[in-house]
Each structure stands twice: as C-alpha cells, then as structure tokens.
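Residue-level structural notes
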Amino acid sequence: MGSTERKYELCGPFLPRRHPSLKTSAEIVGDARRILRAQSTQRPYTPRDAHRQLFASNSVRADHSSRPSSTFSLHAQNFDVGDSRPSSGTRLSPLEHKTKIPVPGNDDVSKSSPKPPTDPLVAKRSLVRTRARLLKATSLTKLPPLAAHADAFLCVASQERLHPGPAKKLPPAQAFVSGDHKELSGVPHVTAPGRSQSESRLSQSSVDSGLGSSECRAGPRTDLCGSGKNNTSADSRWDTIAPLLQRLKAAAAGSCEGSPENPCDLCVALYDALAASGMLGPHRSKRRSSILRTLFQLIDHNSPPLHMRVAELCLALHVSGNNLLNICKLIFQISRSEANDVLFQNNSVLDSLLGLLLREDASVCGEALFYCAGTLKFLSGNAAVVRLLLDKNCMSAARDFIQKLCRVDGAHVTIAGHILVQMTAALRNLADHPEARPLFVSRSVISELCTVLRCHRQDQDVCTNVSRIYSKLSSYAECRLALAQTPDCYQLFLELLSKHHQKQDLVVRLLFTLGNLTAESDEARHRLFRCEPSADTLLRLYGDYQPREEDSPPPASAREAEDVLVKLVRVLANVCIREDVGAALAGNATCVQLLMETLELRSVEVCEELTVNVAAAINNLTFYHKESAVLERSQLAIARLMLKLVLSSNMAAMLEATRVYGNLSQSKDVRDFIMQNKVHRFVVTLLDSKNPDVCFSACGVLTNLALDPPNRASLSLEGATTKLTDCLRDLGAGDWQLSAQLCQALWNMSGGDGPEKLLEAQDSESLLEILTSYLDKDKALKWTENEDYHRASWELEFCPVAQKLYHTWSVKCE
C-alpha cells in the first residue's frame, strides 16, 4: 500500500437516516407497503341495508318503543280541515238552519239563530250582527266592509257542514272555509304551529276589539277575502282556481285511473294557479280549507305520483300541526321505495323539505322533522337526487339544522336525538360523493359534527354515524386537515373510545380515523399523545380486544375484534414515528408485551393484515431500542417472533421482519441468532427482488452482519457482494439513499482496509466504473433533475461513503 493510503474504519451499525431532509426507516413503511401491495388498512365496510328503514338492525333503537314508528297507514280522514274561527282558537257555534230575528237586548247567543234571508244584503247585515254578538265587540260599532258573496259562501258552508250533501249543490266558491288549525277550544291565547307568540297576541287583540276572524289571519291577505276594488281581482283569480278544484273533486270521487282527466296534471295546474294568485305560503283564508279538503281526498288513492303532487301542494301551502306531520309521513312512505326516487326530481318537494329544516323547531314539530330527515336519508343514496340536493345548498341547510338540534334541551332531547340519527346517516351517504366532500370542509360541517358528538356523546347511534362520516372523509387530505384543526377532536375521540369501548363498529371507525390523521402529520401524533389518557386508553382497548386463545379460523366475533386490533396497532405504529412518542411507547412494557403476544397467538396465513401491522409497529419501536430497557430485555424474543414471519410466504410480512432485523442486528446477540438460524441466506436472496425498498431493508441487515469477520465469508459464499454490486448498478442511479446504503454494505463486506477481496477482477472493475459515474456531479444531478431533496442526499449521504469505498477498492485492485 502507498504512503498516501488513508485509513478507514468499518461503517457502524445500520441506522436509518436522521437528516432532516430525508426519511427515517419508520417513515418509509407506508411507501414500501404501497409498492409491494396495498397494505394500508382498509376502511371499515358498512353493508347497505337491503330495505330502506329508519334504524338499522344493530341500532340501540331497533326495538325501542319510544321512537317514532316506521310503519303506518294514512288516509284522508287522518288530516284536519279546520273551520272558520277567530284566531283565539275558540270555535264558533255553527249557525242553525232555521233562525229568527234577534230581539234587541237579548245577548243569549245560544237562542240567537238568524234565519238566512233571501236578500243577500239582509243576509250580510244579519251575519255581521251575529258575528258581533259572538265576539262581544261592544266597543266597536262598525265592522270593516266584507264582500257580500264571501259572507254568503260562509253561511252556506256552515249549513253544508251540518247537513252534508253532494258537492254539486254548492256553488264553486261555497265550499271554501279558512285555516287548517287544530281545535283549541277554551284556550284564549294559543300559538298555532308555525306562528310566533307576537302573531297570536295580535290575533287575539283583534278578536277582543271586535274584528271578525276574516280580518285576523296571520300572514298577508293575498287571497280571496279582500274588499272594495280588490274584490274584482280576487274574483278573477278564483275563477281560474275554482274549476280546477271541481275537476279534482270529480277525480277524487271516483277512481283516479278511470278519471277522464289525469289528477296529477290537475294538481300541477292548481299549483301554478295558486302561485300566480299569490296564494302559496302561510296565508290564511276562508277558501284555504276547501283547497286542503280537496287535496286530502286524493290521499285515499294508491298512487305515489299523485301523492307526491298532493304533498308538493300542501308543503307549498305551509300546512302545520297534524297536517304537516301526516304530509311528512306521506313523503317518507313514498321515499321508502327506490323506484319512487325519480318522483323527487321534477318538483319542489326537495326545496320544501330543506326549508322545513331551517324553518321549523324540533320542540314544536319534532316528529314531522324526524320523517323529513328520514326521507332525506333514503334519497341521499341516489346519485341523481344527491346532485339536486347539492345544487340546492343542502350542506348549508344540514349544518344549520344540526346546530339547532344541538341547542335543543329538556324533554325534547330524545326526539332531537332521533332526528340526528337520520341526518347524520344522510351526511354519511353524502360523504361518498366527490362533489359533496369539498362542501364538508367549506361549509364547516366537519367541525359541527364534533359539536354533535359532544352534545350527544351518550347516544351510540349518533356517535356511530358521525364516526362513519369521519372514517370516509379522513381518507382525503383536505378533510383530514379540517378535522385535525378542530379543537379538542383528539380528546373527544379518546373519551368516546373509553365510553363506548364495547361498541365495535364505533370503536373501529374512530381508530381508523385516528390512524389516518397520524399517518402523515407529526403535529397530529403530538396532539394525540399529548392527551393525558391516550396511551392508557389505547392499550386498555388493545387488552379488551386481544383474544387469549388462538382461533383458526376465527369466528365472526373474533374477526370483528381483529379488525379493531388492525386499526389500533396502526395508530400505535404511526405515533411512534414521532421521536418522543416512540421512545415513550418503546419503554412501555404493556405496549411491547401486547404486540409480542399478538404475534404469538396469530399466524400470518390466517391474520395477514394484523400480523404485518404488528411487525411494522415493532419495527418503529425497535428504532429506539437502545433507549429502552424493555426492548433490550426482549430483543431475542422479538427476533424469534420475526423468524416466524421470515419463514412465511407473505412478502409484506417478510419485508417488515427484515426491517426489524435491521434495527435489532446492531446487537451482537441478535446477529448471532440470525446467522445460527440461517436468516442471512434469506436476506441475501431479497437482493434479487430488484425492489428499491426491499433492497434497502436487506442492505441494513447485511451492513450490520458484516461487522463480524466470521460472517463476511458466509455472506460471500451466498454471493452477497456480487448482488450488492448488481443492485448498485440497476437501482442506484438517482436513489442516493439506497446507493449510500449499498456502498456501506460493500465497504463492511470488504473489511475496510483489511485484506479481504471478495470480488473477481471483472466485478471489481465494474464496481469502480459505477462509482466513478455516480460521483460525477453533472451526471448525478442530471439523473435527479436537480431536485433539492436528491441533491442533499447525494452530497451528504452518498458521496462520503462512495469516495471511501472507491479509494479502498481501487487500492485492493492494484
């Protein structure tokens, strides 16, 4: 050797890179798995229900008697058509058929039964005096003028209610009475559903002042009860609507199928006429009840298209109380059949349902909102309807609605919970659609769902549905970021895992979500582990779901437990990538023991995903083995467990076991174990895979094994040096981290400045040519396209060891 020869020591044990711009051994786990096979855990599968139903068979509400029923029958008689009465809610006494002129000073209303005169003018004056007595409006001497024909219609309609007869005996407009209020006799101050207290007080004050009921209706007076010059326009509008009602009555009286006119078309024409007349919305009029009565008669016909048209009209008329509930039930019945989904695509029902969510209060009409939400849940499984819902800004409506539900308290919390089960199920379906996922972020639905979990953390059904939403959305980067930025979401998830630890479908989805959050974010790992009970909660769950006896093949219940362990171990493996967390868990005897116990109880042939994930977690933990007395004591036991994976036919399991050996082989005892059990032969064979990640892991083991002189000859007999050179030539260009590791292994195999020369002359020349080419900066940066990451890897990792290897090998070849 020349005097200029430089002395080099053997490379130290194989250690994954810690340079800030490079990945550690633990961080390449996910990349290697993706190359070998799709090893990242699958999202928990939720089979679709064969039938559309309100609650799944595994729901805690499945057999609960207090929840709203999913089966019922509806008929016209179930609906209310209120009579004309003051807004106080007190029903007026009907007019008797035979009357007499009241005697002045006689205030006995029960004895005052005016006889309908033939002169319309007399009829008007008589009816006004009767109303005045009924309302006891002694302080008001003059009523507002009323259209004579409207009062006559009211009088005849009263007779019709007492002595019903064929509709043809009444003039078209005589069938109209006002309102669809419920009867509230004897209650002077009652707020009708959908009306504010101020509106009720206004109506009551009008009654006490002597105003007739036709002047006390809530809402604008756009219908047919005006006076003066408005009468002409009202009559002209009614001339258009009345014939449509008569034709609908004719269709309702017989079979819709046998009717010469299509009742669905008539309903569409009626909707358009009412809209043109300004009669849609929460308006109250004398003729409103007749419209509703005619529509309700159509309910008895078994025709979903006709029922949909009736529901559209009723919702547009803002029915309330029992009528609103029954209409929501009717729509719910229609939506239970997928064949009817098309009926929701060409009308305003979807708009009305979303409007109900924003307008109505669960404490007033909770059951109606429940069926409304159930309908939306069913429809959210149809892609065409979902697109319509998204166009109608359903995500914002859903967010505002769940905000209102979270504010419900007291006796109404139960119905709010029932509604939330339906709404969160609808959102769960929407989470499957690419067009909806960005809206979960932009409309702040993700953070609002955390509020739902906080307010209803006792409700397993609600929590399970939200966990399903998160398990779906957390597979996407923008959704993960939004969830990770939600305050205290990690603490909340841990509390739910502890509270509902026996609810497998909830636990597995929360763990899957945590695994997604911690897969790539070091901040997420830190925030999760910073929660005080994190390690205890996760390890307690591990113990709960760890079977104590090997089952082959495992029963269904054991498979569910295995799925929980797969997700849980993945969380442990991910958080270990952060150094402070990994060091803490590596020193946790319970954690290490549970992982080892899983490998002892399970075989890779039966439980492939679980055993591979456990091996990956052990690999990440053994990265910190020198800092852990627990791992120091267990390293030989772990090495024996890895042998079980190496001897399997599963490539993913073999790769993980090789990585563990790469960490543990820094110990002389483990190196001896590897050589004694012929594991080194398997490791050399891995170099033939031509897979960069597999070769990188194998190089780590060979680098450490070559530290012992007796091992070099054994490795050389297996062709290790030649295969390392081939890998450098075939895989090294551009992958400078792998090239550096190959050079380290070759350097140790050569014995440093020792006498070993383990390559033939031709192979030695080939190695020097490769090194010369790779050390050429212009060529090297051309291969890496001048990327900063590869430039740093080439300069900081590859060049130092390659120059050392080149100098030593060129001397050996002289």
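Predicted model, so just to flag it, every value in this text is computed and none were measured. (Residues numbered from 1 in each chain as written. Predicted model: local features only at pLDDT ≥ 70, side-chain atom pairs only at ≥ 80, totals over all residues. Heavy atoms only, no water.)

What follows covers helix H8 (residues 304–316). Over its 13 residues, H8 runs 18 Å from end to end, which matches the ideal 18 Å to within 8%, given 1.5 Å per residue. In terms of burial, H8 is largely enclosed, as eleven of its 13 residues are buried. Buried positions along H8 lie against helix H6 (263–276), helix H7 (288–297), helix H9 (321–335) and helix H10 (349–359). Just downstream of H8, His-318 is the residue with a positive phi angle, here 55°. (Helix = DSSP H or I, 4+ residues; strand = E, 2+ residues; numbered from the N terminus. Expected span 1.5 Å × (residues − 1). Buried < 20%, exposed > 50% of the residue type's maximum accessible area, 1.4 Å probe, protein only. Contact = heavy atoms within 4.5 Å.)

The next point concerns the packing of aromatic side chains. Applying the stated criterion across every chain yields a total of eight aromatic pairs. Look at Trp-736 and Phe-798: their rings are 5.0 Å apart centre to centre, the planes differ by 40°, and that puts the pair in the tilted class. Of this pair, Trp-736 sits in helix H34 (residues 736–749) while Phe-798 is found in helix H37 (residues 788–812), placing the two residues 62 residues apart along the sequence. When its relative accessible area of 0% is taken as the criterion, Phe-798 is described as buried. The structure contains a cluster of three or more aromatic residues connected by ring pairs, namely Phe-332, Phe-370, Tyr-371 and Phe-378. (Phe/Tyr/Trp six-rings, centres within 6.5 Å; stacked < 30°, edge-to-face > 60°.)

So, on to the nonpolar core. Judged by nonpolar contacts, the single largest core of 217 residues is most densely connected at Ile-419, Phe-440, Met-642 and Tyr-661. At eleven residues, helix H11 (residues 362–379) tops the list of elements feeding residues into this core. Residues within four places of Ile-419 in sequence aside, it is in contact with Ala-362, Gly-366, Leu-369, Phe-370, Ala-373, Phe-401 and Leu-405. (Core = buried A, V, L, I, M, F, W, Y, C linked by side-chain atoms within 4.5 Å.)

With respect to the helices and strands, the residue Arg-437 is situated in helix H15 (residues 437–442). Salt bridges are absent for the buried Arg-437, whose nearest opposite-charge side chain, Glu-478, sits at 5.5 Å. Here Tyr-476 takes part through its side chain, which lies 3.4 Å from a polar atom of the side chain of Arg-437. For Arg-437, the contacting residues outside a window of four places in its chain are Ala-431, Asp-432, Leu-473, Tyr-476 and Cys-479. (Lys, Arg positive; Asp, Glu negative; His and termini not counted. Salt bridge = Lys/Arg side-chain N within 4 Å of Asp/Glu carboxyl O. Polar contact = N/O pair within 3.5 Å; in protein donor to acceptor, adjacent residues only side chain to side chain.)

Close approach of charged atoms lets side chains of opposite charge pair. A complete count under the given rule lists 22 salt bridges for this structure. The closest approach of N and O atoms between Asp-432 and Lys-472, which form a salt bridge, is 2.8 Å. Taken as a pair, Asp-432 in the loop between helix H14 (413–430) and H15 and Lys-472 in helix H17 (residues 460–473) lie far apart in primary sequence, 40 residues in all. With a relative accessible area of 36%, Asp-432 lands in the partly exposed category. Of the residues examined, Lys-472 reaches a relative accessible area of 10% and is grouped as buried. Overlapping salt bridges bring together Asp-522, Arg-525, Arg-578 and Asp-580 as one network.

The next thing to look at is the packing of helix H30 (residues 679–686) against helix H31 (residues 692–705). Axis separation between H30 and H31 bottoms out at 8 Å; the angle between their running directions is 140°. Regarding the angle of H30 to H31, the classification is oblique. You can see that H30 and H31 cross each other, and the crossing is left-handed. Facing H30, whose interface residues are His-680, Val-683, Val-684 and Leu-686, H31 presents Val-694, Cys-695, Ala-698, Val-701, Leu-702 and Leu-705. (Axes fitted to C-alpha atoms, helices over the stretch in contact; angles between N-to-C directions. Parallel < 35°, antiparallel > 145°, perpendicular 65-115°, else oblique. Left-handed = near helix turned anticlockwise from the far one by under 90°.)

It is worth spelling out H6 at this point. Taking 1.5 Å of rise per residue, 14 residues should cover 20 Å, and H6 covers 20 Å from first to last C-alpha, within 8% of that figure. Listing the buried residues of H6 in full gives Pro-263, Cys-264, Leu-266, Cys-267, Leu-270, Tyr-271, Ala-273 and Leu-274. For H6, the side-chain oxygen to backbone nitrogen distance between the N-cap and Cys-264 is 2.8 Å, and the N-cap itself is Asn-262. Immediately downstream of H6, the backbone of Gly-278 shows phi near 70°, a positive value.

Another point: the state of the cysteines. The tally for this structure, following the rule as stated, stands at zero disulfides. No disulfide involves Cys-695; its sulfur sits 3.7 Å from the nearest other cysteine sulfur, which is in Cys-727. By relative accessible area, which is 0% here, Cys-695 ends up buried. Between Cys-799, a cysteine without a disulfide, and Cys-743, which holds the nearest cysteine sulfur, the sulfur-to-sulfur distance is 9.9 Å. (Disulfide = S-S within 2.5 Å.)

Attention now goes to the confidence of the model for the chain. Low pLDDT marks regions whose predicted coordinates should not be analysed in detail. Looking at the chain as a whole, its pLDDT mean stands at 77, while 67% of the residues score no less than 70. Below a pLDDT of 50 lies the segment residues 120–229, which in the model reaches 189 contacts outside its immediate sequence neighbourhood of four places, other chains included. (pLDDT = per-residue confidence, 0-100.)

What follows is about the environment of Thr-518. On the secondary structure map, Thr-518 appears in helix H20 (residues 504–520). The class for Thr-518 is buried, based on a relative accessible area of 0%. The sequence separation of Thr-518 and Leu-528 amounts to ten residues, and the corresponding C-alpha distance is 8.3 Å. Setting aside chain neighbours within four positions, we find Thr-518 in contact with Ala-524, Arg-525, Leu-528, Asn-574 and Val-575.

Okay, unusual backbone geometry next. You will see that Ser-444, though not glycine, has its phi angle at about 60°, which is positive. With respect to the helices, strands and loops of the structure, Ser-444 is situated in the loop between H15 and helix H16 (445–455). With a relative accessible area of 35%, Ser-444 lands in the partly exposed category.

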